[in-house]
Amino acid sequence: MHHDLDAVGLGSLPEAVTLSQGRLEEGFDTLDQLCESIFLLARILNDEPERFAREYEPVVDQRNEEANEMDLLFQELAKLKKIGGISL
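Each value, and the rule that gives it
- Residues numbered from 1 in each chain as written.
- Predicted model: local features only at pLDDT ≥ 70, side-chain atom pairs only at ≥ 80, totals over all residues.
- Heavy atoms only, no water.
- Salt bridge = Lys/Arg side-chain N within 4 Å of Asp/Glu carboxyl O.
- Helix = DSSP H or I, 4+ residues; strand = E, 2+ residues; numbered from the N terminus.
- Buried < 20%, exposed > 50% of the residue type's maximum accessible area, 1.4 Å probe, protein only.
- Expected span 1.5 Å × (residues − 1).
- Contact = heavy atoms within 4.5 Å.
- Pairing = 2+ DSSP bridges.
- Core = buried A, V, L, I, M, F, W, Y, C linked by side-chain atoms within 4.5 Å.

Moving on, we come to the pattern of salt bridges. Should their charged atoms come close, side chains of opposite charge can pair. Scanning all chains against the criterion turns up two salt bridges. Of the charged contacts in the structure, one is a salt bridge between arginine 51 and glutamate 55, with a shortest N-O distance of 2.8 Å. Here arginine 51 and its partner glutamate 55 are both found in helix α2 (residues 49-56), four residues apart, which amounts to about one turn of the helix. Taking the relative accessible area as the measure of exposure, arginine 51 reaches 32% and is therefore partly exposed. Among the residues examined, glutamate 55 registers a relative accessible area of 35% and is labelled partly exposed. A network of salt bridges, in which partner residues are shared, links Glu48, Arg51 and Glu55.

It is worth spelling out helix α1 (residues 31-47) at this point. Taking 1.5 Å as the rise per residue, α1 with 17 residues should run 24 Å; its terminal C-alpha atoms sit 24 Å apart, in good agreement. Those residues of α1 not exposed but buried are Leu34, Ser37, Leu40, Leu41, Arg43 and Ile44. Those residues of α1 hidden inside the fold are in contact with β1 (17-20), β2 (23-26) and α2.

Here we take up the environment of leucine 19. Summarising the element assignment, leucine 19 is placed in strand β1. Separated by 37 residues in the primary sequence, leucine 19 and tyrosine 56 have C-alpha atoms spaced 7.1 Å apart. Contact partners of leucine 19, with chain neighbours within four places excluded, come to Leu10, Leu13, Leu24, Phe52 and Tyr56.

This part takes up the pairing of β1. Side-chain alternation along β1 places Val17 and Leu19 on a buried face and Thr18 and Ser20 on a face that remains uncovered. With four bridges joining them, β1 and β2 adopt antiparallel strand pairing. Residue pairing in the sheet places serine 20 in a bridge with arginine 23 of β2. Joining the antiparallel neighbours β1 and β2 is a turn of two residues, in which glycine 22 adopts a positive phi near 75°.

What follows covers the nonpolar core. Proteins that are soluble and globular tend to have nonpolar side chains buried together. The biggest cluster of nonpolar side chains holds ten residues, and these are Val8, Leu10, Leu13, Val17, Leu19, Leu40, Leu41, Ile44, Phe52 and Tyr56. Of all the secondary structure elements, the ones that give two or more residues to this core are β1, α1 and α2. With three residues, α1 is the single largest residue contributor to this core. Those residues in contact with leucine 41, other than ones at most four positions away along the chain, are Leu13, Leu24 and Phe52.

So, in structure tokens, the structure goes:
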């Protein structure tokens, strides 16, 4: 059976949930409390994804991300050379 739920917003989060940019902290005493908070957070992400992203998604420096990707590629190349999987 499908139940329609009222829309919820960021103001609906319980006090036990603390959000900051790129970080979520959840305090709980029981498994039921944890489940309720996670369910409510999922509903908020469904109802207000753009606002949530604006307020809490980390800002990623594209140049830094590309440099990290290159570092990973060079590390993988070094591993392949070491095991004889590639020759240049």
